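Here is how the chains run, residue by residue.
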Amino acid sequence: MRGIVVNVQKGLYRVRNAGTQEEVDCTLRGKLFKQSRTTKTLVVVGDYVEFQPVVGGRGVITSVEKRKSKLVRKGAGPKGVHLEQIIAANIDQAILVFAVKDPEYNKNLIERYIVSAKHGGIEPIICFNKIDLIEKLEILEDIEEYQALGYKTLLTSTVTAEGIEELKALLKGKTSVFTGSSGVGKSSLINVIFEEEKAKTSSVSTSHYKGRHTTTSSQVYELPFGGKIIDVPGMREFGVIDDGSGIANAFQDIVELSKKCRFRDCKHIDEPGCAVKEAVESGILEERRYKNYIKLRGR
């Protein structure tokens, strides 16, 4: 039987049967189980798998289909080695949720998520949530900047319902992952979309305005109007793993500027005739964005 992995909990994989929509708790067949001991993300939420029923109403996963896309971050490995940690697979678009206040968004972090989405073959959509807490003019410049770079942006509020219908239209018929830091309101957005309590929510700690982890494991939800949502736990840190393609796609403006550099292999740090550095000095390119680009490229 074929199905999609909708939840992973300590070696137990909940698989939704593609034909019947029934959910079955599965383990891994011997060969896959051995592989999973060295490859932590052998099977992740969003993976399509083949499985067989066994005694007791459970199942065994026998094979995993090739992924068409994946959302990854830097994971910890042995002796300081950083491994690719796959968060979810087979995604069309990533709804990058950031709160405009409590906790306020960080542009460097937004760019990290964009790089990861681009690296994994996923379209990023930037969602500025909790828009009811500020005047829109306060973030207008940032919105216009991301739109000028070619990114879709949304303003949403679960209090006023602003942007919810627009968000639903973007979700229809697609597999979307909701990701972002803790406390930005991902779970509240999902509950409003479904008009019922699907995901657990919690308040933000007022002592440091950092979100509390509400979603403890990734979960796939079927949308009533077509499509899927993958809700993943909030992440306080998001290390980037990239082969260079994600960074190039996320910083197309800098890539275009670099074509005017005197040297083809210009590192944009202290070389003469660097068009990127000249753009920073003249105010054409934001210095913060330039520094984040250099940092991400060096990783």
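Above this text is the structure in question.
Residues numbered from 1 in each chain as written. Predicted model: local features only at pLDDT ≥ 70, side-chain atom pairs only at ≥ 80, totals over all residues. Heavy atoms only, no water.

1. With respect to the packing of helix 2 (residues 107–119) against helix 9 (residues 287–298)
- Running from N to C, helix 2 and helix 9 cross one another at 45 degrees; their axes reach a closest spacing of 10 Å. The angle between helix 2 and helix 9 places the two elements in the oblique class. The chirality of how helix 2 crosses helix 9 is right-handed. Here helix 2 contributes Lys107, Asn108, Glu111, Arg112 and Val115 to the contact with helix 9, which in turn contributes Arg288, Arg289, Asn292, Lys295 and Leu296.
- Each residue belonging to the contact of helix 2 with helix 9 can be placed in one class, and the counts come to two nonpolar, two polar and six charged. (Axes fitted to C-alpha atoms, helices over the stretch in contact; angles between N-to-C directions. Helix = DSSP H or I, 4+ residues; strand = E, 2+ residues; numbered from the N terminus. Parallel < 35°, antiparallel > 145°, perpendicular 65-115°, else oblique. Left-handed = near helix turned anticlockwise from the far one by under 90°. Contact = heavy atoms within 4.5 Å. Nonpolar A, V, L, I, M, F, W, Y, C, P; charged D, E, K, R; others polar.)

2. A closer look at the packing of aromatic side chains
- Under the defined criterion, the tally for this structure stands at five aromatic pairs.
- Put simply, the rings of Tyr105, Phe128 and Tyr146 pair up and form one aromatic cluster. (Phe/Tyr/Trp six-rings, centres within 6.5 Å; stacked < 30°, edge-to-face > 60°.)

3. Looking at the nonpolar core
- Counting 51 residues, the largest nonpolar core has Phe128 and Ile139 as its most contacted members.
- At six residues, helix 2 tops the list of elements feeding residues into this core. (Core = buried A, V, L, I, M, F, W, Y, C linked by side-chain atoms within 4.5 Å. Buried < 20%, exposed > 50% of the residue type's maximum accessible area, 1.4 Å probe, protein only.)

4. A closer look at unusual backbone geometry
- Of note, the bond from Asp102 into Pro103 is cis; its omega dihedral lies within 30 degrees of zero at 0 degrees.
- If you trace the backbone, Pro103 turns up in the loop between strand 8 (93–99) and helix 2.
- A positive phi angle, near 45 degrees, is found at Lys10, a position not held by glycine.
- On the secondary structure map, Lys10 appears in the loop between strand 1 (2–9) and strand 2 (12–17).
- Given a relative accessible area of 87%, Lys10 falls into the exposed group.
- Positioned with a positive phi, Ala161 is a non-glycine residue whose angle comes to about 70 degrees.
- Topologically, Ala161 is positioned in the loop between strand 10 (152–155) and helix 4 (164–171).

5. Description of the pattern of salt bridges
- Using the criterion set out here, one finds 22 salt bridges in the structure.
- Here Lys68 and Asp92 are joined by a salt bridge, their closest N and O atoms 2.8 Å apart. Highlighted residues: Lys68 in the loop between strand 5 (59–64) and strand 6 (70–76) and Asp92 in the loop between strand 7 (82–89) and strand 8, separated in sequence by 24 residues.
- Residue classification places Lys68 among the exposed positions, given a relative accessible area of 57%.
- Classification of Asp92 as partly exposed rests on a relative accessible area of 26%.
- The partner of Glu256 in a salt bridge is Lys259, with the nearest N and O atoms 2.9 Å apart.
- Among the ionic contacts, a cluster of salt bridges with common partners joins Lys107, Glu111, Asp142, Glu145, Asp253, Glu286, Arg288 and Arg289. (Salt bridge = Lys/Arg side-chain N within 4 Å of Asp/Glu carboxyl O.)

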